[in-house]
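The primary structure of each chain is shown beneath.
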Amino acid sequence: MKKIIFLTLLGLIGLFLSEFLIWNVSGVTTLFLNKGILSVLITLVFGVFIYIVLFSLGADIIHRLKIKDWISLVLLGSIYGLILEGVFADLIFRMGIGPDILGLSFSRIAFPTVSWHAIIDFSLGIMIFSYILKGKILLKSDKINLKETFFILLFCFFWFIWSYSGVILNKLPQGIPIIIQSLVLLIPITILGVFLKLALSIKKYIPNKILGTSGYIFCIFFIGFFALKRYFALDNKLLFCF
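Being a predicted model, the structure only gives us computed values, none of them experimental.

A.B. asks: Pulling in residues and values, what's your account of the environment of Ser72?
C.D. replies: Note that Ser72 resides in helix 4 (residues 70–86). On the basis of relative accessibility, which here comes to 26%, the residue Ser72 falls in the partly exposed class. When the C-alpha positions of Ser72 and Ser123 are compared, they lie 9.8 Å apart, and in sequence the two are 51 residues distant.

Structure, rendered in C-alpha cells:
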C-alpha cells in the first residue's frame, strides 16, 4: 500500500507538470462540451494511470541503475517524452514549425518531447518526489518565509499566464471555459493534496525495488499495446520506426 501511494503521487506530479501546468485542456474542453463531465473524469482517470505506469517504469530504472546525475535523468526523460508523445499521443507525427527530420517535425520533437517533458515533468517531477520520499517538502519549515512566498507567487503567475498563451488561444479562441478552469484548479490540487498528506505521513520510506517481474511485464505490455495501436493508426508507418 505504501508503494501504491507513492507511485500514484509520482504519477500525479508528472501529470500536473506535463498537462495542467500549461493548461493543455483543449481536448478535455471539447470532450466536456460534446459528452459531459463523466467522460472528462473517465479520461482523467485513464490519463493518471498512463502517467503512473510511465513514471513507475522510469523510477524503477533510476533505482536499478542508481542514476543520480542530471544528464542521465534528462536523457531518460527524453525517452519518456518520446513514448508519451509518440505512443499515447500523436504529437511528434504532426506538422510543426521548421524543418523535418526523416518526415518527423523537428519542432514537435525538440520542444515538448525532449525539452519540456524531459526537464519539467520528468526530471523536476522526480526531484520533487525524491524530497517527498524522504518525508519532507520543498519548504524549509512549516512557516513560509519571504523568499518562499516570492517563488510561490512566481509559480502562480507562471501558471496563470500560460492560460492566455498563444498556444492555448489558437486552440480555444474564446478562452478556457470557467468550469474547465475550475476543474483544472480544484481537481489536481485536491487529489495531489490528499496523496501528499498520505505520503508525508509515511516517514522515510525507501523500497528495496520499485517494480517486480510482474510489474515490469505489465508495463511493457501496456506500452506495447498502445504502440501497436499507434503504428496501425499512422498512414506512413515508417515514421513510427524512426
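Anyway, onward from the coordinates.
A.B. asks: So, the packing of helix 3 (residues 37–65) against helix 4: which residues are in play, and what are the values?
C.D. replies: At a closest axis distance of 11 Å, the pairing of helix 3 and helix 4 adopts a crossing angle of 150°. Of the possible angle classes, the one that applies to helix 3 and helix 4 is roughly antiparallel. The interaxial crossing formed by helix 3 with helix 4 has right-handed handedness. Packed against helix 3, whose contacting residues are Ile50, Tyr51, Leu54, Phe55, Gly58, Ile61 and Ile62, the element helix 4 presents Leu73, Leu76, Tyr80, Ile83 and Leu84 at the interface. When grouped by side-chain class, the residues that make up the contact of helix 3 with helix 4 number 11 nonpolar, 1 polar and no charged.

A.B. asks: Tell me about the pattern of salt bridges, and please be specific about residues and values.
C.D. replies: Scanning the model with the defined rule gives 1 salt bridge in all. Where Asp60 meets Arg64, a salt bridge forms, and the shortest distance between an N and an O atom there is 2.5 Å. Within this pair, Asp60 and its partner Arg64 are both found in helix 3, separated by 4 residues, close to a single helical turn.

Rules used throughout
Residues numbered from 1 in each chain as written. Predicted model: local features only at pLDDT ≥ 70, side-chain atom pairs only at ≥ 80, totals over all residues. Heavy atoms only, no water. Helix = DSSP H or I, 4+ residues; strand = E, 2+ residues; numbered from the N terminus. Buried < 20%, exposed > 50% of the residue type's maximum accessible area, 1.4 Å probe, protein only. Axes fitted to C-alpha atoms, helices over the stretch in contact; angles between N-to-C directions. Parallel < 35°, antiparallel > 145°, perpendicular 65-115°, else oblique. Left-handed = near helix turned anticlockwise from the far one by under 90°. Contact = heavy atoms within 4.5 Å. Nonpolar A, V, L, I, M, F, W, Y, C, P; charged D, E, K, R; others polar. Salt bridge = Lys/Arg side-chain N within 4 Å of Asp/Glu carboxyl O.

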